[in-house]
Protein chains: 2
Amino acid sequence: MLFHDLVIDKESPIYEQIINHVKHSIQTNMIAPNSKLPSTRELAQILGVSRNTVILAYESLEAENIIYTKKGKGTFITESILKRYKDRDYDSNQEIAWIIDWEEKANTYSKEAERMDIIKNEIPWSKDLISFKSISPDGELFDLEEFKRSFLNRLSVEGNKILNYGYAKGYKPLIDYLKQYMKEKGVSGEHKDIIVTNGFTEGFEMMMEAFTSPGDYVLCENPTHNTALRIMKLHGIKPIGVPMLEDGIDIEALRVCLEKYPVRFLYVIPSYHNPTGIVIGERKRSQIYEVCRTYGVPIIEDGFTEELLYGSSHITPIAALDRERNGVVYIGSFSKILFPGLRIGWIMGDNRMVSLLESVKRCKNIHTSSIDQGILYEYLQSGILKRQMKRMRKSYKERFELAKQCIEQYIEPEFIWGDGGLHVYIGLQDVSARELLQCCHKRKVIFMPGDIFSLDGSGEYTLRLGLSRVSLGEIEDGIKIIGECLCEIKKNRKN
Amino acid sequence: MLFHDLVIDKESPIYEQIINHVKHSIQTNMIAPNSKLPSTRELAQILGVSRNTVILAYESLEAENIIYTKKGKGTFITESILKRYKDRDYDSNQEIAWIIDWEEKANTYSKEAERMDIIKNEIPWSKDLISFKSISPDGELFDLEEFKRSFLNRLSVEGNKILNYGYAKGYKPLIDYLKQYMKEKGVSGEHKDIIVTNGFTEGFEMMMEAFTSPGDYVLCENPTHNTALRIMKLHGIKPIGVPMLEDGIDIEALRVCLEKYPVRFLYVIPSYHNPTGIVIGERKRSQIYEVCRTYGVPIIEDGFTEELLYGSSHITPIAALDRERNGVVYIGSFSKILFPGLRIGWIMGDNRMVSLLESVKRCKNIHTSSIDQGILYEYLQSGILKRQMKRMRKSYKERFELAKQCIEQYIEPEFIWGDGGLHVYIGLQDVSARELLQCCHKRKVIFMPGDIFSLDGSGEYTLRLGLSRVSLGEIEDGIKIIGECLCEIKKNRKN
């Protein structure tokens, strides 16, 4: 294609025109170093000239060291030639230094996204640290053999079809599985539909994108999931924090907020709330639902780590209370239990709502990876998850109970919140979590300071310890160090 | 967990409290049909009461047919009981019919996304149709064995790590591979970085989200890729169409637009342009670059089906002309060649720009599926793509040439545009593509009417035939039918 737009004219010798074309292509950078040229036979055919003319041109170019020939491989552009041309161009042409100022091009959205990016702004993970930052699942608890089997099975069932474009709503067998799965949790599928998303994050982002406008009020627990907070702010939403009590959101305060503001949504995390770890009981779930219903405000329920709850019987999601109505939007994900690297979540809600989201999804990324949906479907329907869950619950529970014990022993906190799951939330008496973190970091222990989850700068004296990626030994060592740092800070104060 | 918030008091008999709690849980829908209750032993332990008390409560509930016992399985909630409670509730409580009007909740974004959703608004594909609508790749050309091998290899190299959370920028080995890949196309990696996205669509959406504001002007070819057009409009951007000539965008018109408007970006598809199929030659690529440079306007280059171009040598992307500068943003994707179901694309551009996009990506979906990136990496580095490309080019070329021949024979169009790739673009003399489509649909043939790709309602007399998902036989039959429909329409007019 290098000779794609060379039109031979009758004004000058043809071989010269070929030489000039190659040189010009190099000068304008239209050709990469070590690019292969067509063979003399090919080029003669392309240009409709005699092969001898092409041979003449190539010989001349080779003499100038612009091209070189590898026996049996073909003819190529010399790399150094390109560099020579480029350098010359740089020297002779001032305006070539034209540079775009991407900082200036960035809009409020991207600037704010970066300003609030905790990965960029907090202490990064490194090997030598005991890190209580993460609440991602312990990869050792994944069943890789079953994962492989799921992949191979699904591929042999679907063939190449599953590798081509799929549907915006998601992979049909997975959607059907999830509908049944939600039904078993007591959530009616009547007038409801499901759309598969790239995890909870995309699900929440799509809800904000599709159903809110800048300036809207959205209620949420204070503190709450940092990513949700960030997404709301990026959409110009005014999040209003409802305080947490020891058993979850303060219903009276919720009522006051609903009375005071024209609220678009309530966003709530009923199970092992992030960051406090609180599980809202049945009675309070019912109260939340009823008060929102009274004010006609839809609820976005975050199914976060709900799966870790299940025993022989379980707490039903708030979505179950909604029955055949359409006021609760449930966003689910297995990312805290299975393979978060697959990025699969789902939104369950009103038919018409999901249909709108389908069009939104097509403008975002067309659909979620079909093969990933296929693997997850196969994995889930194999029934292995149920067996695995026992192991997971046991493993996470062990860490949680040890952590609680160590916290009481070494930290003497103002309060410990959390009913299990992947993390525990601590209140300190009079030492700020930031000050503590600074001290702990020196001793190679890090955690999440509570202010990250706060809407109003509160949470200064709180911290979240993620337990899912640390061993029992690290939990004991780490918490001991946190305790020692606390003592040190207090001691220094007295002096 | 059903008994999670039952607190036994001393006011009434304990067994009655258990009974009332179960009934209340059913009434408030906090329990799913056929849910398993804790065993009497378990519950006695949970509540700290005697086992006999629990047995008494269960017996009483069973007598009321509220629960039932399966020998050796446990005790469960009766399904019909739930229904009875629900129905009663429905009848007695008017306000229970509270319904959210999601139509009213939808904002401009979601309403417009739906209005412009061609999947919803155009004739859907069905088995009995010869459909020239699609330009997705022919799945028969995928190498499933190599795909499997890639999956298994990558999983055995990475283990469970690749199934856990990854980096927003993408999977490191894939990024490194793509940098090398771009280098081989002549694109300098100096001061540049790559972020992996969920396909081209997400890449383009992220660029608009991060670097434009409502009211901004973005130039593009007219006609252009429908999805890009939709995304621009959803972001409140004013897309300005630059007319196409037979060899690509009209440079003079481009210059006039750059002079006239404060332009944010130029969006351009240089190879097998969608929908016209035009490949822009080297000279014109250089002109596009230079004129944008003069006006200081960055270019977003869509690498769409560029891979189908490569012969023994190739046309370099516009990004190659940018050298060590930072004015061209290249969005690449293999989705028109390999596995679009995996949804993987990438943005290559200025370091600082990519760093901002990294924070944006974290607010969208954290990162693109790691296992999919791993599979693609393994597949690419196996070198199989190069071997496959020959087969693909041959297969698509065969279809393209047959289509062109049939169009000339049966349609006698005003023009045929397109240099190959996955589609061909036709201009009709005086029959609108919509009228033709209506007639063809009756005869089981469909295609994309050109107005879909147009910025200004032009393109009424044009249509795109996608060739990648139709057999040679279907191409001949389908185009013959289109020709017959054209004749019929013209004949009817004369009468």
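Scroll up a little and you will see the structure.
Residue and element names in this part refer to chain B. One open sheet accounts for four strands, arranged β12-β13-β16-β15; its pairing is antiparallel. With one partner strand each, in any of the chains shown, β12 (415–417) and β15 (448–449) form the two edges of the open sheet. In terms of strand pairing, strand β13 (residues 423–427) meets strand β16 (residues 462–466) through five bridges, oriented antiparallel. By the bridge assignment, Gly427 is partnered in β16 with Thr462.

What follows concerns the state of the cysteines. Counted under the stated rule, the structure contains zero disulfides over all chains. We note that Cys440 of chain A lacks a disulfide partner, and the nearest cysteine sulfur, in Cys485 of chain A, lies 3.8 Å from it. Left without a disulfide partner, Cys485 of chain B is nearest to the cysteine sulfur of Cys439 of chain B, which lies 3.2 Å away.

Enumeration over the complete set of coordinates arrives at 43 aromatic pairs over all chains. Between Phe147 of chain A and Phe151 of chain B, the aromatic rings sit 5.8 Å apart at their centres with planes inclined by 25 degrees, giving stacked as the arrangement. Here Phe151 of chain B lies in helix α8 (residues 144–158) and Phe147 of chain A lies in helix α8 (residues 144–158), a pairing that spans two chains. For Phe147 of chain A, a relative accessible area of 0% translates into the label buried. A relative accessible area of 0% places Phe151 of chain B in the buried class. Measuring from centroid to centroid gives 4.8 Å for Tyr217 of chain A and Tyr261 of chain A, while their planes differ by 40 degrees, and the two rings are tilted. Taken as a pair, Tyr217 of chain A in strand β5 (residues 217–222) and Tyr261 of chain A in the loop between α12 (251–260) and β8 (263–268) lie far apart in primary sequence, 44 residues in all. Grouping aromatic residues by their ring pairs yields a cluster made of Phe142, Phe147, Phe151, Phe339 and Tyr379 of chain A together with Phe142, Phe147, Phe151, Phe339 and Tyr379 of chain B.

Next up on the list: the interface of chain A and chain B. Of the residues lining the interface, 131 residues belong to chain A; the matching set on chain B comes to 131 residues. Of the roughly 11600 Å² buried between chain A and chain B on both sides combined, carbon and sulfur atoms contribute 55%. Together, Met30, Trp98 and Trp102 of chain A form the three largest contributors to the area buried by chain A at its contact with chain B, with a combined 8%. At the junction of chain A and chain B, the tally comes to eight salt bridges. Between Arg352 of chain A and Glu114 of chain B there is a salt bridge, and its shortest N-O distance comes to 2.6 Å. With ten residues, helix α15 (residues 351–364) of chain A is the single largest residue contributor to the side of chain A that touches chain B.

Residues and elements named next belong to chain A. Running from N to C, helix α18 (residues 433–442) and helix α19 (residues 472–494) point in directions that differ by 115 degrees, and their axes come no closer than 9 Å. Judged by the twist between their axes, the crossing of α18 over α19 is right-handed. On the side of α18, the interface is formed by Glu435, Leu436, Cys439 and Cys440, while α19 contributes Ile482, Cys485, Leu486, Glu488, Ile489 and Arg493. Of the residues contributing to the contact of α18 with α19, the split by class is seven nonpolar, no polar and three charged.

According to the stated counting rule, one finds 66 salt bridges over all chains in the structure shown. Two residues, Glu306 of chain A and Lys185 of chain A, come together in a salt bridge whose shortest N-O distance is 2.3 Å. In this pair, Glu306 of chain A sits in the loop between β9 (299–302) and α14 (318–321) while Lys185 of chain A sits in the loop between α9 (172–184) and β4 (192–197), placing the two residues 121 residues apart along the sequence. This pair shows no difference in class: Glu306 of chain A is buried, exactly as Lys185 of chain A is. One salt-bridge network, in which partners are shared between bridges, spans Glu205, Glu209 and Lys364 of chain A together with Glu205, Glu209 and Lys364 of chain B.

Thresholds, definitions, all that
- Residues numbered from 1 in each chain as written.
- Chains lettered and ligands numbered in written order.
- Predicted model: local features only at pLDDT ≥ 70, side-chain atom pairs only at ≥ 80, totals over all residues.
- Heavy atoms only, no water.
- Pairing = 2+ DSSP bridges.
- Helix = DSSP H or I, 4+ residues; strand = E, 2+ residues; numbered from the N terminus.
- Disulfide = S-S within 2.5 Å.
- Phe/Tyr/Trp six-rings, centres within 6.5 Å; stacked < 30°, edge-to-face > 60°.
- Buried < 20%, exposed > 50% of the residue type's maximum accessible area, 1.4 Å probe, protein only.
- Contact = heavy atoms within 4.5 Å.
- Buried area = accessible area lost by both parts, 1.4 Å probe.
- Salt bridge = Lys/Arg side-chain N within 4 Å of Asp/Glu carboxyl O.
- Axes fitted to C-alpha atoms, helices over the stretch in contact; angles between N-to-C directions.
- Left-handed = near helix turned anticlockwise from the far one by under 90°.
- Nonpolar A, V, L, I, M, F, W, Y, C, P; charged D, E, K, R; others polar.

Shape descriptors only; they carry no functional weight alone.
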